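Listed here are the chains, written in short residue letters.
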Amino acid sequence: MEFLFHLIVVLHFVGLASLLGGFLVQISSPDKGVNRAMFDGALTQLVTGLVLVGMMSSGILGDEEKAEVNNTKIAVKLVIVLIITVLAFIGRKKAPPQVPLWATIGVLTLANVVIAVFW
């Protein structure tokens, strides 16, 4: 079960790389907007994050340290990733430039990373 947990963590990081990479690659572009990488990364982050919390909360990992979940932190991160996902869903069909939408998704993504690391 621990292998599956680590595999999902890797997929969670791949989602982060896709979301943040889709944002960063457009910094110098005048036509900033939501691209497919950002949308797919947001969905990957949402789904794998929910699976990870479910695995940790259920106790199936057996390790007491991993079983402890900071529910407040998870709730804040969940709200942020839901906002990111909704914004990416809305923006994926609109034509660029979408600078405010693009910037909001990028800032919220970075905020989620900071919360994950420092909280």
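Per chain, residues are indexed from 1 in the order of the written sequence. Per-residue local features of the predicted model are confined to residues with pLDDT of at least 70, and side-chain atom pairs are confined, for both listing and counting, to 80 or more; whole-chain, interface and lining totals are unaffected and use all residues. The side-chain quantities take in all heavy atoms of the structure and omit both hydrogens and water.

## Concerning the overall build of the protein
Per the secondary structure count, the protein includes five helices and zero strands. Secondary structure elements of the protein, listed N to C terminal, follow the sequence α-α-α-α-α. For the protein, the spread of C-alpha atoms along the principal axes amounts to about 50 × 25 × 20 Å. Buried positions account for 34% of the 119 residues belonging to the protein. For the protein, the proportion of contacts with a sequence separation of at least 24, taken over those separated by at least 6, is 73%. In this description a helix means any DSSP run of H or I spanning at least four residues, a strand means any run of E spanning at least two, and both kinds are numbered starting from the N terminus. Each residue is assigned to one of three classes by its accessible area relative to the maximum for its type, calculated with a 1.4 Å probe on protein chains only: buried under 20%, partly exposed between the two thresholds, exposed over 50%. Two residues form a contact once any of their heavy atoms are found within 4.5 Å.

## So, unusual backbone geometry
Cis peptide bonds are those with omega within 30 degrees of zero, and the linkage from P96 to P97 qualifies with 5°. Inspection of the secondary structure puts P97 in the loop between α4 (71-91) and α5 (99-118).

## Side note on the layout of surface pockets
Each pocket or cavity is described by its volume, and for the largest pocket that value is around 790 Å³. Forming the boundary of the largest pocket are 27 residues, of which H12, L52, I74, K77 and A116 lie nearest the centre. Top contributing element to the lining of the largest pocket by residue count: helix α2 (residues 36-58), with seven residues. Think of it as three bins: nonpolar holds Ala, Val, Leu, Ile, Met, Phe, Trp, Tyr, Cys and Pro, charged holds Asp, Glu, Lys and Arg, and polar takes everything else, Gly as well. Split by residue class, the lining of the largest pocket holds 18 nonpolar, six polar and three charged. Points on a 1 Å grid over protein atoms alone make up a cavity when a 1.4 Å probe fits among them but cannot get out, and a pocket when they form an open set with protein on both sides within 12 Å along at least five of seven lines; lining residues each have an atom within 4 Å of a point. Grid points are joined across faces, edges and corners, and a volume is the space filled by probe spheres set on the points.

## Topic: the packing of α4 against α5
Under this scheme, a helix contributes an axis fitted over its contacting stretch, all axes are lines through C-alpha atoms, and angles between N-to-C directions fall in the 0 to 180 degree range. Two elements in contact, α4 and α5, have axes separated by 10 Å at closest approach and are oriented at 160°. It follows from the interaxial angle that α4 and α5 lie roughly antiparallel. Note on packing geometry: the crossing formed by α4 with α5 is left-handed. In this structure, α4 contributes K73, V76, K77, I80, V81, I83, I84, L87, A88 and G91 to the contact, and α5 contributes L101, T104, I105, L108, T109, N112, I115 and A116. Each residue belonging to the contact of α4 with α5 can be placed in one class, and the counts come to 12 nonpolar, four polar and two charged. Here the word oblique covers every angle except those under 35 degrees (roughly parallel), over 145 (roughly antiparallel) and from 65 to 115 (roughly perpendicular). Crossings are classed by handedness, with left-handed meaning an anticlockwise turn of the near helix from the far one by less than a right angle and right-handed meaning a clockwise turn.

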